[in-house]
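Inside the fold
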Amino acid sequence: MESKDVVIIGGGITGLSTAYYLAKEGLRNIVVIEKSYLGSGSTGRCGTGIRQQFTTREHIILMRESVKLWKEWENNLPKSVHFRQGGYLWLLKESEMDAYREYVRLQNILGVNSRIIGKDDVKLIVPDINTEGIAGASWCPSDGNAYPFDTIDALRIALKRFGILIRQFEEVKEIKVKNGIIQQVVTDKETFNTHFVVDAAGFGARKVARMVGVDLPLKLYRHQIAVSEPVKVFLEPMVVKGELYFTQTYRGRIIGGTDLNEQPTESLSSTDEFLPQFANEILSVLPTISSLNVMRQWAGFYVVTPDHHPILGGTDLPGFLLGVGFSGHGFMLGPVVGKLLATYIMHGTMYLPEANNLDLRRFRSGCLIQEKAVIG
Amino acid sequence: MNDKDVIICRCEDVTLADIKKAIKDGYTDVESLKRHLQIGTGPCQGKTCIPLTEKILARELQKSVEDVGVVTSRPPESPVPFGIFLKGDKKNGK
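Residues numbered from 1 in each chain as written. Chains lettered and ligands numbered in written order. Predicted model: local features only at pLDDT ≥ 70, side-chain atom pairs only at ≥ 80, totals over all residues. Heavy atoms only, no water.

**Describing the overall build of chain B**
The helix and strand tally for chain B stands at 3 helices and 3 strands. When its helices and strands are written in sequence order, chain B yields β-β-α-α-α-β. Computed over its C-alpha atoms, the radius of gyration of chain B comes to 17 Å, more than 25% above the 12 Å expected for a compact globule of 94 residues. Oriented by its inertia axes, the alpha-carbon framework of chain B measures out at about 55 × 25 × 20 Å. Within chain B, contacts between residues at least 6 apart in sequence are counted, and of these 48% link residues at least 24 apart. When the accessible surface of chain B is summed, it comes to about 5500 Å², and 51% of that surface belongs to carbon and sulfur atoms. (Helix = DSSP H or I, 4+ residues; strand = E, 2+ residues; numbered from the N terminus. Rg over C-alpha atoms; globule rule 2.2 N^0.38 Å. Contact = heavy atoms within 4.5 Å. Areas by Shrake-Rupley, 256 points an atom, 1.4 Å probe, with all protein chains shown as cover.)

Written out as structure tokens, the structure reads:
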């Protein structure tokens, strides 16, 4: 039986990032437990986007900080995560312009360099875009994207160098609590003595929290993505229009998705309805790619909270921490969330005051913070 | 023959040496190996390279092919152009 200072449940970006920042704070006797392979959940299924164009103080400040950390990761991790600031080009109809002007105003006050641009400027950024029915766009040049599997691999190598234990294909079965204090984490292979557990289990987060009697208000919504064959990179921004979003990875593939308005489901199967809808939506915006081949589609979950903000930090059970419910934004928030949870463990508080508004207590007190800009 | 000269995945230019190194780095199941090296993500849809990768992995780890796992196959079966889905009322996907 091993003793660990912290047991992190979940080997996606949230869990690995938390381990990374704990290691940087000097805490190395920790273990990350992943029930499948690293990045097998929502991280490896995500749409790669990283944006600061949100509508609440909490999201904007967390993402502004996360973009700063993404730059550090690109420069400091043992291999490139392919973080690229190609911008987010959010196409708007006339009826949407006023609302987005207000969002941009808040983003600017909080130090994000977004702005509203006209139709002609949209053409300057992506010449091939069909601007029919579009009045303009909300444009943030410092938004961008990164490559999920390179990010996971870069973190894996960094953690290995810190001597941090990563266990894959190992599943947590029980968390033992005695006198209100966490004692042990029991997996299907081993038992770890610990007083600190981080629930970073993505779509399994609710099940993990139930092991210690914590009920999380999370619902699983299936979202689907398709990728094309690779072609020379011509599209650096993420383009958004309504629920449609797409960009091109550094490897040359067009990647994107849209929303089929499904009810919550436990199924991760891809469906026949997705490709026809996505293809028609993307071709209405970028008609020039009609002969490009679609290679693959897959599904992943948005793990959604009632206000579309994550649940971060401590719970009523001392030592039981949450990094869950990202509502579709877990990859982009990964760096800042890891650092927030690490500072909570080391110093008893998350280092950005806004993050403390996002703990589980808000669902009891009713102080929800509604995010209006959710895509896909 | 040098492992660097044995190409396993032609679309993504992955060699036997790349695969052996990744296995050493801890990519010991076929799903994560696929994502790490992008094996089978090219136009052939992994029809040749994925079975080869499974066999190499099994051989290197001295396990059976069943034990190193199988890859989830993703639709579409073969690559199809975006334009094939265009609803016919406008121009016919030039």
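**Focus on the sheet that holds strand 18 (residues 293-304) of chain A**
In spatial order, the strands read 6(A)-7(A)-5(A)-15(A)-16(A)-17(A)-14(A)-18(A)-3(B); together these 9 strands make up an open sheet with mixed pairing. With partners counted over all chains shown, the strands left at the sheet margins are strand 6 (115-118) of chain A together with strand 3 (80-81) of chain B, one partner each. For strand 5 (residues 88-92) of chain A and strand 15 (residues 238-241) of chain A, the ladder comprises 4 bridges, and the chain directions are parallel. Residue pairing in the sheet places Leu89 of chain A in a bridge with Val239 of chain A of strand 15 of chain A. Each of strand 5, strand 14 (219-230), strand 15, strand 16 (244-248), strand 17 (253-258) and strand 18 of chain A is contacted by helix 7 (residues 274-285) of chain A, which is oriented at about 110 degrees to strand 17 of chain A, the strand it contacts most. (Pairing = 2+ DSSP bridges. Axes fitted to C-alpha atoms, helices over the stretch in contact; angles between N-to-C directions.)

**A short note on the sheet that holds strand 3 (residues 30-33) of chain A**
Residues and elements named next belong to chain A. Sheet architecture is open: 6 strands sit in the order 9-3-2-13-20-19, paired in mixed fashion. Because the sheet does not close on itself, it has two edges, and the strands there are strand 9 (165-167) and strand 19 (311-313). Shown here is a sheet whose adjacent strand axes are inclined to one another by a mean of 20 degrees, direction ignored. Pairing of strand 13 (residues 197-199) with strand 20 (residues 320-324), which is carried by 3 bridges, proceeds in the parallel orientation. Bridged to Val198 within strand 20 is Leu321. With respect to the sheet, helix 8 (residues 330-347) is in contact with strand 2 (6-9), strand 13, strand 19 and strand 20, its orientation differing from that of strand 20 by roughly 170 degrees.

**Comments concerning unusual backbone geometry**
All names here are of chain B. Going from Pro75 to Pro76, the amide bond is cis rather than trans, its omega being -5 degrees. Counting through the fold element by element, Pro76 comes out in the loop between helix 3 (49-61) and strand 3. Even without a glycine there, the phi angle at Asp13 is positive, about 55 degrees. At Gln62, a position not held by glycine, the phi torsion is positive, near 50 degrees. When you line up the elements, Gln62 lands in the loop between helix 3 and strand 3. Since its relative accessible area comes to 73%, Gln62 is described here as exposed. (Buried < 20%, exposed > 50% of the residue type's maximum accessible area, 1.4 Å probe, protein only.)

**Thoughts on the packing of helix 1 (residues 13-24) of chain A against helix 2 (residues 57-76) of chain A**
Residue and element names in this part refer to chain A. Interhelical geometry of helix 1 versus helix 2 gives an angle of 75 degrees and a closest axis separation of 14 Å. One finds that helix 1 runs roughly perpendicular with respect to helix 2. Together, Ile13, Ser17, Tyr20 and Tyr21 of helix 1 and Leu69, Trp70 and Trp73 of helix 2 make up the contact between the two elements. Here the contact of helix 1 with helix 2 is composed, by residue class, of 6 nonpolar, 1 polar and no charged. (Parallel < 35°, antiparallel > 145°, perpendicular 65-115°, else oblique. Nonpolar A, V, L, I, M, F, W, Y, C, P; charged D, E, K, R; others polar.)

**Examining the domain arrangement of chain A**
Residues and elements named next belong to chain A. With domains assigned, chain A is organised as domain 1 (2-48 + 149-218 + 307-365) and domain 2 (86-142 + 219-304). Placing a centre on the C-alpha atoms of domain 1 and another on those of domain 2 gives a separation of 30 Å. The partner domain 2 presents 17 residues to the 16 residues of domain 1 that form the contact. Regarding the contact of domain 1 and domain 2, the summed buried area is about 1300 Å², with carbon and sulfur atoms giving 61% of it. Summed over the three residues of domain 1 that lose the most area to domain 2, namely Arg45, Phe203 and Leu218, the buried surface amounts to 42% of that side. Counting across the domain 1 and domain 2 interface gives 0 salt bridges. There are 5 residue pairs in polar contact (both at pLDDT 80 or more) connecting domain 1 and domain 2. For the side of domain 1 that touches domain 2, the residue count by class is 6 nonpolar, 8 polar and 2 charged. (Domains from an automatic or database assignment. Buried area = accessible area lost by both parts, 1.4 Å probe. Salt bridge = Lys/Arg side-chain N within 4 Å of Asp/Glu carboxyl O. Polar contact = N/O pair within 3.5 Å; in protein donor to acceptor, adjacent residues only side chain to side chain.)

**Describing the interface of chain A and chain B**
Residue-level contacts link 31 residues of chain A with 27 residues of chain B. Taking both sides of the interface into account, the surface hidden between chain A and chain B amounts to around 2700 Å²; carbon and sulfur atoms contribute 56%. Interface area lost by chain A to chain B is led by Tyr37, Met295 and Arg296 of chain A, which between them contribute 21%. Across the contact surface, chain A and chain B share 2 salt bridges. Glu12 of chain B serves as the salt-bridge partner of Arg251 of chain A, at 2.6 Å between the closest nitrogen and oxygen. Taken together, chain A and chain B are joined by 16 residue pairs in polar contact (both at pLDDT 80 or more). Looking at the side of chain A that touches chain B, the elements that each hand over two or more residues are helix 5 (148-161), helix 7 and strand 18 of chain A. Here the side of chain A that touches chain B is composed, by residue class, of 15 nonpolar, 8 polar and 8 charged.

**Details of the state of the cysteines**
Under the defined criterion, the tally for this structure stands at 0 disulfides over all chains. Cysteine Cys140 of chain A shares no disulfide, and the gap to the nearest cysteine sulfur, in Cys46 of chain A, comes to 18 Å. (Disulfide = S-S within 2.5 Å.)

**Quick word on empty space enclosed by the protein**
Counted according to the given criterion, the structure contains 4 cavities of 30 Å³ or more. When its volume is computed, the largest cavity comes out at roughly 340 Å³. Along the wall of the largest cavity there are 21 residues; nearest its centre are Gly44, Tyr147, Phe149, Arg296 and Trp298 of chain A. Where the lining of the largest cavity is concerned, the elements lending two or more residues are helix 5, strand 17 and strand 18 of chain A together with helix 2 (30-37) of chain B. (1 Å grid on protein atoms, 1.4 Å probe; cavity = no way out; pocket = protein on both sides within 12 Å on 5 of 7 lines; lining within 4 Å. Points joined across faces, edges and corners; volume = space filled by probe spheres on them.)

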